[in-house]
Each structure stands twice: as structure tokens, then as C-alpha cells.
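These are the residues of each chain, in order.
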Amino acid sequence: MIRKKVTDKSPSRQQRSELWRCCTTILTLKQIHASMIVKGFNSNISALRELIYASAIAISGTMSYAHQVFGHITEPDNFMWNTMIRGSAQSSSPLKAISLYTRMENGCVKPDKFTFPFVLKACTRLCWVKMGFGVHGRVFTLGFESNTFVRNTLIYFHANCGNLAVASALFDDSAKQDVVAWSALTAGYARRGELGVARQLFDEMPEKDLISWNVMITGYAKRGEMESARKLFDEVPKRDVVTWNAMIAGYVLCGSNQQALHMFEEMRSVGELPDEVTMLSLLSACTDLGDLDAGQNVHCCILEMGSRDLSVLLGNALIDMYAKCGSIAKAIEVFQGMREKDVSTWNSIIGGLAFHGHAEKSIHLFSEMRKLKNKPDEITFVGVLVACSHAGRVDKGCWYFDLMIDEYKIEPNIKHYGCMVDLLGRAGLLNKAFDFIDRMKIEPNAIIWRTLLGACKIHGNVELGRQANEQLLKMRHDESGDYVLLSNIYASRGEWEGSEKVRKLMDDSGVRKEAGCSFIEGDNKALIHFLFDSKRKFDSRKSFLELHGG
């Protein structure tokens, strides 16, 4: 739900032995597991419980191992089922919690009051409303609706993604004595954007815990109301890392990146230790600012946190930051040092290399990605098509475009079409570029026509430039760069009459060229900005704020 409990108060939970309390790493866990196999794996129910608890809850990052172990237990009891559901619900794959619960019910193992809070948490994280209502019905049938923990989780589920009327109905007189129920209902309203109601509940709370403070601070941060968030932040009696993260993520989300960095310094000055979420937000700030020095400082802080291996999320964020701040060598260094990579890792480095002119290296890495059986997505192909364009590899680029459609079944979007127009235009294949635009399955936008217009300027093709400009003027008449560029095409060919006509058309249309502003065509920076938007598809800032109920 909105709290994680370290201790387990299930009646079937016994005091952990010294052996299991010392089991804090995957290596130790595997050693104990091996010993259990030698002695008869399913012979000791108490040891099996400890093994499941250690792998699913106590040791971080071993949930997949827990699933493997669980599959070999012949008759798991309620405690083992509940522990597996609990670990899955708070993992990166909450769907597995639902799957386990379904297997539990189908296997004639009766769920108890400890089962439902974890299942409902998974339903909330997945926003599975229908499933959540079904679980609520089962809770009612088994008579657990009055149980404090179950009721609070039901309130949280309905407040966040179910029925607010049901959540309010569950918030009865007994619930009003429980700060957890207050926080659950407040979090639901805040997450749905009803901050006025959430704030009213917050102000009416007979007792406020840190969760409720964090819920409201996060809610204001998500809405960009940083003054209100800061006011509550200054009033909160005691802060934790979530409180600081909400403020830092909020500042980054609303573009106050320097303020986010200052907030981090303030956080460090009071001795609060950052976590991965803090670092992800800070790297977003450095990327948006283009501040390499600040980014390197954040990288140093990550190393000081003591993790031997970078997580995929942190590694991806570092590659993205270094690439967009101009240090492609450091981006490659981080990439090569990552033990685990996902498609976003490859996308960041392939796109970064292409953006910085290392086209052949980008193409080589794409080939390596395919050899390693990593499946590229639509973003990967944008990167490799840009690389082909910069390297003048027309045939290779056309082959990759067809490969994307035929082998990977990816439907081209406007960015892929833009890459292909740029590829053909740079190579001087202007007629082919026009034919390609005619065959597009989607309507070309101004960026595509402007890219072609720029190519016409480079290659001095007046007639095709005029046609491209006509298409641009159908879209909008107030873009001075489009007129200037066409005028320059005429001028470059010595056709001064045509140049003057374009200037006159510009004046007659009331369009003024902005002082000190030039239209950049040679290196297609407008297209590059369009293709490599500075905001990543996975945005840690929004993910943090959504995760914490704001």
C-alpha cells in the first residue's frame, strides 16, 4: 500500500534464527539453499518459509530467484503464498502478484487477512479496477472487510483507481481513528488531481504522519505548485528521503533545474542520504541544463553511494546526460561498464553517437545490438537512420527502414519519415525525396518540408525548393525562415528577380524576419531537435511523482 513494513506479524511467522538474520546477500542465500537441497529440500517447513522470506522480502533484487525456489516447493502454506504475493506486489512486476493470487485460489488454498492487502496493492499499481472490485467482493465474502489492514488497503485502492464513493463509505467512524486510513484517502484524492479535497482532509486529520505530509507535498509538486509544496516542506516536523525527492522531482518537472540542484545541496547539508530516485531526478536536471560539470558531480555521488553495479535506470540516465551534455566518450564508458542493458540503454548510446557525428560507430553498435538478439524499437531506428544520414549511407538507411517494417513490424512514424527525407536530401537525391514524401502513409509536417527546403538550398534546386516552400505556406504564412530560405535559393543561382518576388511576398504577408535570427539549414538542427527531444520516453520525474500519490 503506501507503507512498507520490515517486520512480519503473521501468526505463522516465527522469530528468525541467527543463520537467516546473517543471510543478506544472494551468495549466502544460494549457499543455504544448496544445503537445504542436500538435507531434503521439502523436509523442513520452517526453513522453506525462511528461504522464501529472505529471497522475496529481506534481500533486495532477488524476487526472480524467489519465484524459482517457490516453484519447487510441493505444498506451500499460507505464509509462503502471502510472502510471494507481497514481494511481487512491490516489485517491478506486480502482475505476478495477481497471477500468484489466482493460482492460490484455484489451488484450493484459502486466502487470509494477510493476503488481500498485498493483492490490492498490486491491483492499485496496475490500475486494474475490475480485478480490484473482484478482490473486494472476495474480501466481503470471507468477512475481512472490518480488518484494519484490509480496510485501509481497500480505501487506498478505491481512492486511487476504484470508486471514490466506495472509498468514502469505507472511511467510517472507526477508520477516522486511524492515521493510515486518513493518509490513504488523502493520497487518492491528491493522485486524482483533487488537491482541494485532499488538502481539506489533510487539514482535518487529528494526527498527521510523515506519509500524509509527503502525499500533499508530492501532490503540489506534480501540479507545479512549488510555492505550496515548499511551504509544507518547511512545516513538516520530520523529513525523509521521499520528502526531499518530491521537492527535487517537482522542481525538475516545472523546469526549475537550478533550484533542484540547490535543493540537493540543502539535502546533503542536513545529512539526508539520497537514493536512486534522487539521482535520476538530478540527472534529468543536468541533462536539461546541459551542465556537464554538475552531471559529473552527480555521477560521483552515485559512485559514493557504494553500489558496485549501476542499475539499468541509472546507467541509462547517465548515458543520456553525458551524450546530451557533449561528452560522448564518457557516455560510451558508462555504456561499456553496464552489466545489464535494456533497449533504452542501446537507444541512448546509438542516438548519442549519431547526434555527435560518430555515425559509423552508431551503425556498428546497432549491428552489435542485433547480433546479441536485443530487439530494437521505434526509437532505435530513429538513431540509426540519423547515423546513416550523417554518414551518407543511403542504401544502408533505406535497408534499415525496410528492415524496421518487414522484420520488426514497426509502423513508421513522422520521425522515421523525417530521417528518410533528410537522408535522401543530404545525398542530393531531391526527386527521390519528393517521391518518398508523396508515398508517405501519414501527412508530412512542416519539419519534413523545411528539411527538404534546406536540402534544396544546399544543392541549388530552385524549382523543387519553390514546391517545398508552397507546401510550407499552405501550413502557415508567418514563418520568416521559410521565405528567407527560398529567397536565398534564388539568390544563390543568380535569379535575383525570383529572390525579390519572395521578399515582396514576405512583406505583403506582413511577415518580419526577427533581428539576429537565422534559419539553419546546412546541418538540419531543427530536424535534429525534433528527432532527439531532450525529454526521455521514460521520465523519472513523472514516474516518481505518480508513484507517490501526487
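In this text, all values refer to a predicted model and were calculated from it rather than measured experimentally.

Draft legend 1. The arrangement of the overall build of the protein chain in detail. Each helix and strand in the protein chain was counted, giving 32 helices and zero strands. For the protein chain, the proportion of its 550 residues judged to be buried stands at 50%. Residue pairs in contact within the protein chain that sit at least 24 positions apart in sequence constitute 65% of those at least 6 positions apart. For the protein chain, the computed accessible surface area is about 26,200 Å², with 51% contributed by carbon and sulfur atoms.

Draft legend 2. Representation of the packing of helix α21 (residues 343-355) against helix α23 (residues 378-391) in the model. α23 packs onto α21 with a crossing angle of 20° between their chain directions and a minimal axis gap of 8 Å. Compared by their axis directions, α21 and α23 come out roughly parallel. For the pair α21 and α23, the crossing hand works out as left-handed. Along its contact with α21, which presents V343, N347, I350, G351 and A354, the element α23 presents I379, T380, G383, V384, V386, A387 and H390. Tallied by class, residues from the contact of α21 with α23 come to seven nonpolar, five polar and no charged.

Draft legend 3. Looking closely at the packing of α21 against helix α22 (residues 359-371). Following both chains from N to C, one finds α21 and α22 inclined at 160°, their axes separated by 7 Å at the closest point. Classified by the interaxial angle, the pair formed by α21 and α22 is roughly antiparallel. Relative to α22, α21 is oriented so that their crossing is left-handed. Contacts between α21 and α22 involve V343, W346, I349, I350, L353 and A354 from the first element and A359, K361, S362, L365, F366, E368 and M369 from the second.

Draft legend 4. Representation of the pattern of salt bridges. Under the defined criterion, the tally for this structure stands at 15 salt bridges. The salt bridge involving K324 is made with D320; its shortest N-O contact spans 3.0 Å. Here D320 and K324 lie together in helix α19 (residues 312-324), a separation of four residues that amounts to about one turn. Looking at D320, the relative accessible area reads 6%, which means it is buried. Salt-bridge contacts for E407 lead to R370; the nearest nitrogen and oxygen are separated by 3.4 Å. Of the two residues, E407 sits in the loop between α24 (394-406) and α25 (414-426) while R370 sits in helix α22, which places them 37 residues apart along the sequence. Since its relative accessible area comes to 44%, E407 is described here as partly exposed. With a relative accessible area of 24%, R370 lands in the partly exposed category. Among the charged side chains, a salt-bridge network with shared partners connects R230, D234 and E266.

Cut-offs used in this document
Residues numbered from 1 in each chain as written. Predicted model: local features only at pLDDT ≥ 70, side-chain atom pairs only at ≥ 80, totals over all residues. Heavy atoms only, no water. Helix = DSSP H or I, 4+ residues; strand = E, 2+ residues; numbered from the N terminus. Buried < 20%, exposed > 50% of the residue type's maximum accessible area, 1.4 Å probe, protein only. Contact = heavy atoms within 4.5 Å. Areas by Shrake-Rupley, 256 points an atom, 1.4 Å probe, with all protein chains shown as cover. Axes fitted to C-alpha atoms, helices over the stretch in contact; angles between N-to-C directions. Parallel < 35°, antiparallel > 145°, perpendicular 65-115°, else oblique. Left-handed = near helix turned anticlockwise from the far one by under 90°. Nonpolar A, V, L, I, M, F, W, Y, C, P; charged D, E, K, R; others polar. Salt bridge = Lys/Arg side-chain N within 4 Å of Asp/Glu carboxyl O.

Everything listed is a geometric property; what it means functionally is a separate question.
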